[in-house]
Every structure is written in structure tokens, then in C-alpha cells.
Amino acid sequence: MPAENETQKVEAVLREHALSYPGAHEDFPWGHRAMKVNDKTFLFMTVDGEKLNLSAKLPDSKDAALTLPFTEPTEYGLGKSGWVTAHFEEASQVPVPVIKAWIDESYRAIAPKKLVEKLPARGTAVPGPASKPAKAAAGKKASASKAVAPVKKAAKKVVSKVKAVAKKAAARVKTVAKKATKKVAKTASAAKAKTARKPAAPARGKRAATPAPKRARRS
């Protein structure tokens, strides 16, 4: 059996975390790993080589999550209802604490209230009706702020890393472009010199002048 790569190890950590929630179970619709509660999915995950893709429902931290360079609204219209998809090229890019916070928020948004009540007061509160008392709404806002805080902190680190990589890439592109420009200039200069050495072509419609034959000298 082949050894797990680093991305598969990260997926295993996230899978274990998701399955630790009350009533959570695993399913594989369309060949993708789905973590469900009460037969409703709260997390999708797929691993392709070193790449990891995952989707979670983030009704409270969606806007903050979408400011990160590796996220986008989930396809098939799910983005409109708060679903966010994240793409990672390798395990080192995955901010595990942030993803765990997302799993917590997604579970609380999907799970039945009776299961959510079994959880300790952490993460993001389950979205309630608009008619909730102002005091409860304020508590929800404070809870959401706590959940967003680690996201912002991790986002700052990820953005810094992305900027550093982009800076190196830009430097490489600049160097390659500089070399290419010199090569083109050298080729153009050689072509120009070669053209200058060629005799001028006669004008269109005119024949090139031929030298008159020499007359034999009388003895």
C-alpha cells in the first residue's frame, strides 16, 4: 500500500475533526468525500495528488473567507447560500486551524438544533430567524467575530506568502524577458548588417544596367 503524501495526511486530520461532531458520518457521492449530519453535507473534500479542494457552508464568515487568495464561491449556485470552496496546491498552504473553524461553522449551520446544543459554546453560532431578540443577535455577532479572527490572522500569513512567491516569479519573468530582448536585438542587428551588404535591387520595371562591351584596339 503506497504511503500517504503530506496532503493526504492533512485531509485525514480534517476528516477526523469533522467526524468528531455529534451524528457526523462519511459518504462518497460522485466519488468525492462528503461529511454529513442527518444525511445533509456540511463538508466536501477531494485530494488529487498534492492538491486539496474543500467546500463548506459559511453563513457568517463567508465575506471574510472570500477575501483569501485561495477561495471562491462554490459552483452550482451553492455560493449564493453561503458555500465557499478553497483550493490548495500543496499541504503547506492549508491553514488547518482556519479550516477547522470553517468545519465548525458549517456543521452548526447544517446540523439539527438538538445536535448543535450538545456542542460547547465555541465557533460561530447557528444562524437564527430575523425576529430573534436584539440581545441574542448581539451574541451571535460577537461569536462570529471570534470565528473570523483566526481566519484574518491566517489570511495575512497566506497573503504574505503569496506575495513573496509572486515577487520571485516576477523577478524570473523580468530576467527571461531581458534575455529575450537582447537576443531579439542581436538577431535584428545581424539581419540589418546582412541586408546592408546586399546590392540594391533594380527598380520595378527597369532592367539592371549591363556594362558595355569593350572595343578591340586597332593595331
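Each chain has its residues counted from 1, following the order in which its sequence is written. Under the rules for a predicted model, residues below a pLDDT of 70 receive no local features and side-chain atom pairs below 80 are neither given nor counted, while totals for whole chains, interfaces and linings still include all residues. To get the side-chain values, take all heavy atoms of the structure and skip hydrogens and water.

(A) Representation of the environment of Leu115 in the model. The way it works is that DSSP assigns letters per residue, a run of H or I at least four long becomes a helix, a run of E at least two long becomes a strand, and they are numbered from the N terminus. Within the fold, Leu115 resides in helix α4 (residues 113-116). Residue Leu115 is classed as buried on the basis of its relative accessible area of 13%. Along the primary structure Leu115 and Val37 are separated by 78 residues, whereas in three dimensions their C-alpha atoms are 9.3 Å apart. Those residues in contact with Leu115 that lie beyond four places of it in its chain are Pro22, Val37 and Tyr107. Only protein chains enter the area calculation, which uses a 1.4 Å probe; residues under 20% of their type maximum are buried, those over 50% are exposed, and those in between are partly exposed. We call two residues in contact whenever any of their non-hydrogen atoms come within 4.5 Å of each other.

(B) Summary view of the sheet that holds strand β4 (residues 51-57). Read across the open sheet, the 6 strands follow the order β1-β2-β3-β4-β6-β5; overall the sheet is antiparallel. The sheet terminates laterally at β1 (24-27) and β5 (71-73), the two strands that pair on one side only. Shown here is a sheet whose adjacent strand axes are inclined to one another by a mean of 20°, direction ignored. One bridge is not enough; two strands pair if DSSP finds at least two bridges between them. The sheet contact formed by β5 and strand β6 (residues 83-88) spans 3 bridges and is antiparallel. Note on β6: the bridge partner recorded for Thr71 is Ala86. Orientation is described by axes fitted as lines to C-alpha atoms, over the contacting stretch for helices, and by angles from 0 to 180 degrees between their N-to-C directions. Sheet strands in contact with helix α1 (residues 6-19) are β1, β2 (33-37), β3 (40-48) and β4, and its direction is about 170° off that of β3. Sheet strands in contact with helix α3 (residues 96-110) are β2, β3, β4, β5 and β6, and its direction is about 35° off that of β4.

(C) Seen up close, α1. Between its terminal C-alpha atoms α1 stretches 20 Å, which fits the 20 Å expected from 14 residues at 1.5 Å a residue. Looking only at α1, the buried set comprises Thr7, Val10, Glu11, Leu14, His17 and Ala18. Down the axis, α1 shows its buried residues gathered within 120° of arc, on one side only. On its buried face, α1 is in contact with β1, β2, β3, β4 and α3. Here the expected length of a helix is defined as 1.5 Å per residue gap, with one fewer gap than residues. This arc is taken over the directions from the axis of the helix to the C-beta atoms.

(D) Summary view of the pairing of β2. Of all 5 residues that make up β2, 5 are buried, and the element is covered over most of its length. When β1 meets β2, the two strands line up antiparallel, connected through 4 bridges. Bridged to Ala24 within β2 is Val37. Following β1, the chain reverses through 5 residues before pairing antiparallel with β2; Trp30 in that reversal takes a positive phi of roughly 55°. In the sheet, β2 pairs with β3 via 5 bridges, with the strands oriented antiparallel. Along β3, the bridge assignment pairs Met35 with Leu43. Following β2, the chain reverses through 2 residues before pairing antiparallel with β3; Asn38 in that reversal takes a positive phi of roughly 55°.

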